[in-house]
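A closer look at the structure
These are the residues of each chain, in order.
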Amino acid sequence: MPPSKLWVFRQYDTAMRMALVEALAISPVTASVLLGRGVTTATEANRWLSWEQAEVHDPFLLPDVEQAVDRLSDAIAIGEKICFYGDYDVDGVSATSLYLSFFQSLGARAVAYVPHRLREGYGLNVEALRRLHREGVTLLVTSDCGTTAVREVEAARQMGMEVIITDHHQTDQALPPALAVINPHRADSNYPFKGLCSGGLAYKVAQAYSVKYGEGPLPLTMNQDLVALSTVADVVPLQDENRAYVREGLVQITRGARCGLRALKHVAGVTRDCVPDTVAFRLAPRLNAAGRLADAMLSVRLLTTESEREARELAEELERLNRERQQIEDTIMREALAAVDECAPKDAIVLGDRRWHLGVVGIVAGRLVERFQMPTAVIAIDERGIGKGSVRTVPGVDVYQALCACRDLLEGFGGHPSAAGLTIRASRIREFRERFASAVRDLAGSPVSSAALHLDAEVQLPEVTLQLVRELSSLHPFGAGNPEPMLAVRGLSILNARVVGTKHLKLSVRQGRSLTFDGIGFGMGDLTGLGIDPRNPVDLAFVPELNHWNGYDRIQLRIRDVRMSARA
């Protein structure tokens, strides 16, 4: 029998909840969900519930934006060669593609460059800068990198190349000597929202340019599909203006406005409307596969091509690379699980191996976090004894701060609270493992637990109405910072229980004399395997949703946990 999860109910101010209920004529459950996302006023709540009133901030509040767009305008006017230089993940390639598409439409003489993960590593590198300088580049604009590249930016300046940085990674060090450093995490930033990814920042730069110098032949809003890719794939919070960009971007991806994404959806077997999970689990892995195993410029070409034939060929190549990535990942995962069993970590996992592929360690780190619910670093060590790794974490533990506490052991590191990268000598991994676990312990304040299930509200089953489900669905898109609303109900009678498909639990339940509700627990198996006697009352943690079947909408409870009721 699996261990039971700890149900943690969010706490709310009752007066605030009633104020939202009265001001907006919404359910107390919906008001509770809004409060759980930090929405405390009727004005804020109205923006969350309405597409039309989404808040979008003035791009000129970002530091150095005006200097950047002025310099870009000058470069376009005199025909300077501009290079948009991005990271090799989805955020980086999407931002680079957005920059390239937008500024080329304005007549810019522009090229794109994404470093090779294995040959060049993350971020700016001096050899690439020299090569771009020889090719005539005089202005370089970064995406998703550059905040810590003090040496590289100084080298570019000495070559006569000016640099504009757009990046959302954090740093506690001096900024590089760039013409502009556009980063909402800068200490002097007045931008009201810190959660933009680099795709969002590229959009804000293009927005600022459009305001000051004109939009050009194509509407800037056509690029919100790229912002949605960036935002969902980089797991930044789906709050504030990110929600507006992702909402509209998902509509564009569903419609297939960009031929490269049409081709990618085809090879991924995507036929339904696109939601955040479509991006996270179907499209992003294929776009990432190029940067993990080959050349991320394949993905930039896919996202910027206007040729249906080229789009098909590129999408098929990404599909092939993704299948290869899955095979490599499965091998490393098996070896990593064996290593975890051997070292039995308590607070954090740190693993390194000379056989592991650098392009896949980030995915493996994420899978280990899901399985063991503790911050994890997975490191690939090269033939020189230099390890490069990816770090992922659990809610409530800022891994960037944990790495800061280990700074003296690392050759380099960077990232943000939920994900980071590091470089370390193999000889120091053992000491790093101990120090990192200690830092995680201090940041967590208590041992990291795998058994917490955060619930928005407890309800009575008759409260789960079509109106409530529609209110809650208006809060989409759901993802990081805006999880699907999860409710709990106690003391249910099980009228029927069976397994459908191979391992999905199907329940019919009732509370007292309520109507009967159907529930589905994907991958949960049968009740016996969960240690539950169906003759006794149970409690359910669930996400309410509409199940459209045979022309009718019916409420279905998507079960996240089931346990014996204390009322039994």
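Since this is a predicted model, take the numbers as computed values, not measurements.

Counting its secondary structure elements, the protein contains 18 helices and 18 strands. The C-alpha radius of gyration of the protein comes to 25 Å, within 12% of the 24 Å expected for a compact globule of 568 residues. Seen through its principal axes, the protein has C-alpha atoms that stretch 75 × 55 × 50 Å. Partitioning the contacts of the protein with sequence separation of at least 6, the portion at a separation of at least 24 is 66%. For the protein, the exposed surface amounts to about 24800 Å²; the carbon and sulfur share of it is 49%. Side-chain charges in the protein split into 64 positive and 69 negative, and the spacing between the mean points of these groups amounts to 5 Å.

Here we take up the pairing of strand β11 (residues 419-425). Bridge count for strand β9 (residues 386-392) against β11 is seven bridges, and the pairing is antiparallel. Bridged to Gly387 within β11 is Ile424. The pairing of strand β10 (residues 412-416) with β11 spans five bridges and is classified as antiparallel. Across the sheet, Phe413 pairs through a bridge with Leu422, a residue of β11. Hairpin connection of β10 to β11: two residues between the antiparallel strands.

Okay, the side chain of Glu241 next. On the secondary structure map, Glu241 appears in helix α10 (residues 240-255). Here Tyr191 takes part through its side chain, which lies 2.4 Å from a polar atom of the side chain of Glu241. Leave out the neighbours within four places in its chain, and Glu241 touches Glu55, Val56, His57, Tyr191, Phe193, Leu196 and Lys204.

Glancing now at the packing of aromatic side chains. A complete count under the given rule lists eleven aromatic pairs for this structure. What links up through ring pairs into an aromatic cluster is the set Phe84, Tyr99, Phe102, Phe103, Tyr209 and Tyr213. The lysine or arginine in question, Arg563, covers the ring of Trp7, its NZ or CZ lying 3.7 Å from the ring centre.

The rules behind each value
- Residues numbered from 1 in each chain as written.
- Predicted model: local features only at pLDDT ≥ 70, side-chain atom pairs only at ≥ 80, totals over all residues.
- Heavy atoms only, no water.
- Helix = DSSP H or I, 4+ residues; strand = E, 2+ residues; numbered from the N terminus.
- Rg over C-alpha atoms; globule rule 2.2 N^0.38 Å.
- Contact = heavy atoms within 4.5 Å.
- Areas by Shrake-Rupley, 256 points an atom, 1.4 Å probe, with all protein chains shown as cover.
- Lys, Arg positive; Asp, Glu negative; His and termini not counted.
- Charge placed at Lys NZ, Arg CZ, Asp CG, Glu CD.
- Pairing = 2+ DSSP bridges.
- Polar contact = N/O pair within 3.5 Å; in protein donor to acceptor, adjacent residues only side chain to side chain.
- Phe/Tyr/Trp six-rings, centres within 6.5 Å; stacked < 30°, edge-to-face > 60°.
- Lys NZ or Arg CZ within 6 Å of the ring centre and 35° of its normal.

Note that all results are geometric; they support no functional claim without further evidence.
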